[in-house]
Every structure is written in structure tokens, then in C-alpha cells.
Amino acid sequence: MMRFRSIPLFIIIALAVFITNSLAKDDISWVQINDPAEIRKIFSDKTFMVRKSRTDFYRKDGNMISNNKSYGLDTIAIRKWTIDGDGGVCLLVFSMPDKIIDCFKVHRNPQDPEHFRITYSSDGSVFLFRPIDGPSKRLSDSLNKKAGAER
């Protein structure tokens, strides 16, 4: 019988990453969306739950408000978003619009047109989401809390 301690840590981590990526990619034949007008329609004035701890609201004017609730913190980040020539969505630093943070490709589930997947260019990480019209209650609550603290 093999003991758990005899398995090198890097093998355990590699296996965990492989399983996570396999589950996120599943058996759906995702369709990449390259049309800037279609991407703009999907993202404009919509909220996305990227992770349990992060909510992003993409405004039609090209601004994005990201609310991250992790490690006991409730942070708000303002970013710019734009669509590059290859149909990718790029996030930019708000105060330096030429500084790209990261880009991702958008894919649609052909069996469920309101189910999307994004794949980040930098590390290949994959997130599944369904857009919500307007800012989420969670984001609104965080913004109101911040505004109240600044008064």
C-alpha cells in the first residue's frame, strides 16, 4: 500500500490543476465569439460572478467595477475594458489606459446561449458565468458601504 507522504507535492499540485481544468472545460463544444459588436452586447451593463469572491460589473462606457471579497477584505477596483482586434476582452489599469492587465477570450455554450466561458490569455485559467443585467445587489451594497465610509 502506497503512503500519501511518499507522493511528491508537485505531483499532487499538478494533478489538482489538471482535474480542475478538465472539469471546467467539460464536454461542451464551446463556440468562440470574435465579433466585437456581439461581445459588447454580452458585456455592456452586465454583472459577472467570476469567482465566489469576485463580482465584475462591465459598464457600457468601457469602465469596469470589480468587487473582490476575499481574505476578510472588501475591495473595489475600477478598470477599463476594451475589445482587441482578435475578439478578446482586455482589462486595463484605469489611471493608465495603455497598461493592459490581462485579456481573455469569450466562448458561448451552443446548447445554452446565456452560459459563457472566458479563458485568460496569461495563464489559461477558465471561468464559467451567466451575465446578470445591471449591477448586482452585492456590488451595490459594497459601493454604498464604501461611499458611506468616505463621508
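Residues numbered from 1 in each chain as written. Predicted model: local features only at pLDDT ≥ 70, side-chain atom pairs only at ≥ 80, totals over all residues. Heavy atoms only, no water.

J.: Would you take a moment to explain the environment of Ala-77 for this structure?
T.: Within the fold, Ala-77 resides in strand E5 (residues 73–83). Residues Ala-77 and Ser-66, 11 residues apart in the sequence, show an inter-C-alpha distance of 5.1 Å. Ignoring sequence-local partners within four residues, the contact set of Ala-77 consists of Met-64, Ile-65 and Ser-66. (Helix = DSSP H or I, 4+ residues; strand = E, 2+ residues; numbered from the N terminus. Contact = heavy atoms within 4.5 Å.)

J.: Help me understand unusual backbone geometry in this model?
T.: Unusually for a residue other than glycine, Asp-45 sits at a positive phi of about 55°. Considering the arrangement of structural elements, one finds Asp-45 in the loop between helix H2 (36–43) and strand E2 (46–51).

J.: Explanation requested: the confidence of the model for the protein in the structure shown.
T.: Detailed reading of the predicted coordinates is not advisable wherever pLDDT is low. Confidence in the prediction of the protein, expressed as mean pLDDT, is 78, and 71% of residues score 70 or more. At the level of individual helices and strands, the protein shows its lowest average pLDDT in helix H1 (residues 9–25), which scores 51, and its highest in strand E1 (residues 31–33), which scores 95. (pLDDT = per-residue confidence, 0-100.)

J.: For this particular structure, what's the right way to read the pattern of salt bridges?
T.: As a working rule, side chains carrying opposite charge can pair if their charged atoms are close by. All chains considered together, the criterion is met by five salt bridges. Between Lys-46 and Asp-133 there is a salt bridge whose closest N-O contact spans 3.2 Å. With Lys-46 in strand E2 and Asp-133 in strand E10 (residues 132–133), the pair connects residues that are 87 residues apart, well separated along the chain. Using a relative accessible area of 17% as the deciding quantity, one classes Lys-46 as buried. Among the residues examined, Asp-133 registers a relative accessible area of 62% and is labelled exposed. (Salt bridge = Lys/Arg side-chain N within 4 Å of Asp/Glu carboxyl O. Buried < 20%, exposed > 50% of the residue type's maximum accessible area, 1.4 Å probe, protein only.)

J.: Which parts of the structure should I look at to understand the pairing of E2?
T.: Look at any regular strand and the pattern is simple: side chains alternate between the two faces of the sheet. Summarising the sheet, E2 and strand E3 (residues 54–58) pair through five bridges and their orientation is antiparallel. The residue of E3 that forms the bridge with Lys-46 is Tyr-58. Joining the antiparallel neighbours E2 and E3 is a turn of two residues. In this sheet, E10 lies alongside E2 in antiparallel orientation, the contact comprising two bridges. Residue pairing in the sheet places Thr-47 in a bridge with Ile-132 of E10. (Pairing = 2+ DSSP bridges.)

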